[in-house]
Amino acid sequence: MKILITGGSGFIGSHLCRKLSENNEVICIDNLLTGKRENIKGLDVEFVEKDITSPFDIKADLIFNMASPASPVFYQRYPLETLETNSIGMKNVLENAKRHRSRVVQASTSEVYGDPKIHPQTEDYWGNVNPVGPRSCYDEGKRFAESLCMNYKMKYGVDVVLARIFNTYGSNMLKDDGRVVPNFICQALKNEKMTVYGNGEQTRSFCYVDDLVNGLMLLSEKGRGGEVYNLGNPEEYTILQLAEEVKRVCNSDSEIIYHELPEDDPIKRKPDISKIKSGTGWEPKIGLNEGLKITVEWFRGVC
Ligand code: UDP
């Protein structure tokens, strides 16, 4: 099968490239804004340096649209690029899919739920998003992208599956992308102070990247066109619990300190994964402790 992966040299995209290139012809396009060439070094993948906000014509049976800055620090550094990637870029992906009758798996996000008022989040929840806040470039960008996907499906029959990806961690994350897992691991490995934002009682549910990639692949095979699926590990931790777990795994003496909570930081997040479970059989297999051990080993060479 011929597979196009946009954002293929970013964090999740590069893991998809690695897995899918074992048995398929893979083309990766990336503008290298937040992705890195070295993430796909040595893989049997064709690399095209390209920004999806310019139209493109690439024949593929399947497209994974993974292109977008995704960490709060990066999407707030590049807000207009984030909005354009998820609007103009999304349109170019869908036009390409329409032309070549490709299936599309769209990397959406738990951020479409904003600061959720129902817990855990199910796919039929519409969310609670601040449209003018500091996270809106990403949240509203991804919400617009979902709408574009659904309307290309209804109007042109483009076969698109939406994956709402929850917090994910593993190798190939940038050490300075500001997300909590790379921050805590690098701080703990260097015995620096670990920066918990707010009181640390806010929660997230962390999925190891190999589980996540398996979920995306299963959705590409068994997901229903025009449907939305939560994809993440429902084991929920407070950020303080995560800090303590990282400290233990790194065998670190770091002191935990508290910084101000960023504006609009969601208080709770946990996916209800019954839909993907019944539709594809997927469920995560790697718990936080095991996933962190592998991730910490990788970060030792990077921090
Ligand atoms: N966070 C933290 N310390 C850090 C980085 C992040 O306490 O050094 C918190 C952040 O405020 C949020 C959670 O960890 O509550 C997850 O943040 P991240 O940026 O990884 O992703 P988000 O889920 O907010 O998109």
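Look above for the structure.
Residues numbered from 1 in each chain as written. Predicted model: local features only at pLDDT ≥ 70, side-chain atom pairs only at ≥ 80, totals over all residues. Heavy atoms only, no water.

**Remarks on the pairing of strand S2 (residues 25–30)**
Moving on, step 1. Here S2 lies mainly inside the structure; 5 of its 6 residues are buried.
Moving on, step 2. Read as a crossover between parallel neighbours, the route from strand S1 (residues 2–6) over helix H1 (residues 11–20) to S2 is right-handed.
Moving on, step 3. The sheet contact formed by S2 and strand S3 (residues 45–49) spans 5 bridges and is parallel. Across the sheet, the residue bridging to Ile-29 is Val-48, located in S3. (Buried < 20%, exposed > 50% of the residue type's maximum accessible area, 1.4 Å probe, protein only. Helix = DSSP H or I, 4+ residues; strand = E, 2+ residues; numbered from the N terminus. Right-handed = clockwise from strand over helix to strand, strands pointing away. Pairing = 2+ DSSP bridges.)

**Examining the site of the ligand**
Moving on, step 1. As a structural note, the neighbourhood of the ligand is formed by 18 residues, with Thr-195, Tyr-197, Arg-204, Asp-265 and Arg-269 the closest of them.
Moving on, step 2. Within the contact set of the ligand, an oxygen atom lies 2.8 Å away from a side-chain nitrogen or oxygen of Asn-167.
Moving on, step 3. Tyr-197 is positioned such that a nitrogen or oxygen atom in its backbone is 2.7 Å from an oxygen atom of the ligand.
Moving on, step 4. For the ligand, the protein covers 95% of the area, taking 520 Å² as the surface of the free molecule.
Moving on, step 5. Those elements that provide at least two residues to the shell around the ligand are helix H5 (180–189) and strand S8 (194–197). (Near = heavy atom within 4 Å. Polar contact = N/O pair within 3.5 Å; in protein donor to acceptor, adjacent residues only side chain to side chain. Areas by Shrake-Rupley, 256 points an atom, 1.4 Å probe, with all protein chains shown as cover.)

**Notes on the state of the cysteines**
One covalent bond between the sulfur atoms of two cysteine residues makes up a disulfide.
Moving on, step 1. Under the defined criterion, the tally for this structure stands at 1 disulfide.
Moving on, step 2. Paired through a disulfide, Cys-186 and Cys-303 show a sulfur-sulfur distance of 2.1 Å. On the S-S bond that ties Cys-186 to Cys-303, the torsion sits near -75°, and the link is left-handed. Separated by 117 residues along the polypeptide, Cys-186 in helix H5 and Cys-303 in the segment after helix H9 (288–300) bring together distant segments of the chain. (Disulfide = S-S within 2.5 Å.)

**Brief notes about the environment of Gly-133**
Moving on, step 1. Its location among the elements puts Gly-133 in the loop between strand S5 (103–109) and helix H4 (136–156).
Moving on, step 2. Gly-133 gets classed as buried once you look at its relative accessible area, which sits at 11%.
Moving on, step 3. For the pair formed by Gly-133 and Glu-263, sequence separation is 130 residues and the distance between their alpha carbons is 8.0 Å.

**Side note on H1**
Moving on, step 1. Of all 10 residues in H1, 8 are buried; the element is thus mostly enclosed.
Moving on, step 2. The complete set of buried residues in H1 reads Phe-11, Ile-12, Gly-13, Ser-14, His-15, Leu-16, Cys-17 and Leu-20.

**Brief notes about the packing of helix H3 (residues 79–100) against H4**
Moving on, step 1. Running from N to C, H3 and H4 cross one another at 15°; their axes reach a closest spacing of 9 Å. By the angle between their directions, the pair H3 and H4 is classed as roughly parallel. Considering how the two elements wind past one another, H3 and H4 form a crossing that is right-handed. Seen from H3, the contacting residues are Pro-79, Thr-82, Leu-83, Asn-86, Ser-87, Met-90, Lys-91, Leu-94, Glu-95 and Lys-98; seen from H4, they are Cys-137, Tyr-138, Gly-141, Lys-142, Phe-144, Ala-145, Leu-148, Cys-149, Tyr-152 and Tyr-156.
Moving on, step 2. Across the contact of H3 with H4, the residue classes tally to 12 nonpolar, 4 polar and 4 charged. (Axes fitted to C-alpha atoms, helices over the stretch in contact; angles between N-to-C directions. Parallel < 35°, antiparallel > 145°, perpendicular 65-115°, else oblique. Left-handed = near helix turned anticlockwise from the far one by under 90°. Contact = heavy atoms within 4.5 Å. Nonpolar A, V, L, I, M, F, W, Y, C, P; charged D, E, K, R; others polar.)

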